[in-house]
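Structural features, examined
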Amino acid sequence: MDTQSLQAFMAVAESGSFSGAAERLFLTQPAVSKRIAVLEQQLGARLFDRVGRRIRLTEAGEALLPRARKVLQELEDMGRAITNLTGEVSGTLRIGTSHHIGLHRLPPVLRHFSREYPQVRLDIHFIDSEEAWESVLHGDLEMGVVTLPPQPDTRLHSQVIWDDPLVFMCAPEHPLARQADLTLETLTRFSAILPSPVTFTRRIVERLFQEHGLTLNISMSTNYLETIHMMVSIGLGWSVLPATMLDDEVIELAVDTPLPERKLGVVTHPGRSRSNAARAFLEAINSE
């Protein structure tokens, strides 16, 4: 059983198609099919059911998936450990980060790093912080630059890089903008536009209102903070967003209850060897 066949299997399983796997591996579709066929022959079991254009894992495929992922991760980890002995900063660094952090925090870091280490290929995945966190946990990404969970989770190593204070905000023409002595209870009388329930930021806001026995009146949810900012700016509701997003289109609401702190930082897996590229990136992000 060779690693190329396992890589092809993982690519098909994760992309859901042979064509998607071929694009990911820079191969032709027949080449991917051949590698899967070889693997199925070696195992003596069918790994995928092909129903029309849809690909589904068989029971054997489901059983192989976590084992294949573990084998490939251990081989990659071994390669990093050996490469680290040379001291060379090269190879591919897979990072996950949110669109908001990618837009507002990472540009100077990426500019500095790419100039200092041109031999490193940055493979950046712009995804939700929660998805990036899970991908680091499962070994799909080496590093995440994310909103950190409101409650510490020791399964990953976390390092705070930026304080990212949250503020209540609305449009200047919103009814809340004309009210003094605002309370959390007052906010519940108006529609809120917040990140989706699975996000760390939403958990922070919900916990605050729950601690005061209040229920939020949420009219819309989306994971893109820039989209929330736009909807707030045209008066569709109030929200809780990073203070860095305050501008001429929205105003901060002076609510009598402070919001909990939000932290942004880096997460890595404590059980994986850290590549020289990852170490250099951490140095770059800490120096900004």
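Residues numbered from 1 in each chain as written. Predicted model: local features only at pLDDT ≥ 70, side-chain atom pairs only at ≥ 80, totals over all residues. Heavy atoms only, no water.

**Examining the sheet that holds strand β5 (residues 143–147)**
Here is the rule we go by: Here, any two strands with at least 2 DSSP bridges between them count as paired. The numbering of helices and of strands both runs from the N terminus, where a helix is a DSSP run of H or I of at least 4 residues and a strand a run of E of at least 2. Here an axis means a line fitted to C-alpha atoms, over the contact stretch when the element is a helix, while the angle between two N-to-C directions is reported on a 0 to 180 degree scale.
Read from one edge of the open sheet, 5 strands run β4-β3-β5-β12-β6, paired in mixed fashion. Looking at which strands have only one partner, the edges of the open sheet turn out to be β4 (120–126) and β6 (157–163). The mean angle between the axes of side-by-side strands here comes to 20°, regardless of whether they run parallel or antiparallel. Inspection of the sheet shows β6 paired to strand β12 (residues 263–268) by 6 bridges, in the antiparallel sense. Its bridge partner being in β12, Q159 is matched across the sheet by V266.

**Here's the deal with the sheet that holds strand β7 (residues 166–170)**
Quick reminder of the rule: In this analysis, two residues are considered to be in contact whenever any of their non-hydrogen atoms come within 4.5 Å of each other.
With respect to topology, 3 strands assemble into an open sheet ordered β10-β7-β11, the strand pairing being antiparallel. Of all the strands in the sheet, just β10 (239–242) and β11 (251–252) have a single pairing partner and so form its edges. Pairing of β7 with β11, which is carried by 2 bridges, proceeds in the antiparallel orientation. Its bridge partner lying in β11, C170 is registered against I251. Relative to the sheet, helix α10 (residues 225–233) contacts β7 and β10, its axis offset from that of β10 by approximately 130°.

**Considerations on the packing of aromatic side chains**
One pair of aromatic rings is described through two measures. These are the centre distance and the angle between the planes. To keep things clear, this is the line we draw: Stacked, tilted and edge-to-face are the three classes assigned to paired rings of Phe, Tyr and Trp, where Trp is represented by its six-membered ring and a pair needs centres within 6.5 Å; plane angles under 30 degrees give stacked, over 60 edge-to-face, the rest tilted. Any residue under 20% of the maximum accessible area for its type is buried, any over 50% is exposed, and the rest in between are partly exposed; the area is computed with a 1.4 Å probe on protein chains only.
Evaluated as defined, the whole model comprises 6 aromatic pairs. Both rings, one in F18 and one in F48, keep their centres 6.1 Å apart while their planes meet at 70°; by these two values the pair is edge-to-face. Placement of the pair is F18 in helix α2 (residues 18–25) and F48 in strand β1 (residues 48–51), with a sequence separation of 30 residues. Each of the two residues, F18 as well as F48, counts as buried. Between the aromatic rings of F113 and Y117, the centroid separation amounts to 5.1 Å while the plane-to-plane angle is 45°, which identifies the pairing as tilted. Relative accessible area serves as the criterion here: at 0%, F113 is assigned to the buried category. Note on Y117: relative accessible area 21%, which makes it partly exposed.

**Structural notes on the layout of surface pockets**
Put simply, the rule reads: Cavities and pockets are defined on a 1 Å grid built over the protein atoms alone: a cavity is a set of grid points where a 1.4 Å probe fits but cannot escape, while a pocket is an open set with protein on both sides within 12 Å along at least five of seven lines, and lining residues are those with an atom within 4 Å of any such point. Grid points are joined across faces, edges and corners, and a volume is the space filled by probe spheres set on the points. Residue type decides the class: Asp, Glu, Lys and Arg count as charged, Ala, Val, Leu, Ile, Met, Phe, Trp, Tyr, Cys and Pro as nonpolar, and the leftover types, Gly among them, as polar.
By volume, the largest pocket amounts to about 1200 Å³. Forming the walls of the largest pocket are 36 residues, and the residues nearest its centre are E76, R94, D123, G139 and D140. Elements that contribute at least two residues to the lining of the largest pocket include exactly α1 (3–15), α2, α4 (59–84), β3 (91–97), β4, α7 (129–137) and α11 (276–287). At 9 residues, the largest contribution of residues to the lining of the largest pocket is made by α4. Grouping the amino acids of the lining of the largest pocket by side-chain chemistry returns 10 nonpolar, 14 polar and 12 charged.

**Topic: empty space enclosed by the protein**
Over the atoms rolls a probe the size of a water molecule, and its path tells where empty space is left. Evaluation of the coordinates by the stated rule reveals 2 cavities of 30 Å³ or more. Size it by volume and the largest cavity reaches roughly 200 Å³. Around the largest cavity, the lining is made up of 15 residues, and of these S98, D128, S129, N223 and L225 lie nearest the centre. Looking at the lining of the largest cavity, the elements with two or more residues in it are α5 (99–104), α7 and α10. Partitioned by chemical class, the residues of the lining of the largest cavity number 3 nonpolar, 8 polar and 4 charged. Looking at the second largest cavity, its volume works out to about 50 Å³. Lining the second largest cavity we find E142, T268, H269, R272, S273, R274 and A278. Residue composition of the lining of the second largest cavity, by class: 1 nonpolar, 3 polar and 3 charged.

The values reported here are purely geometric and, on their own, carry no functional implication.
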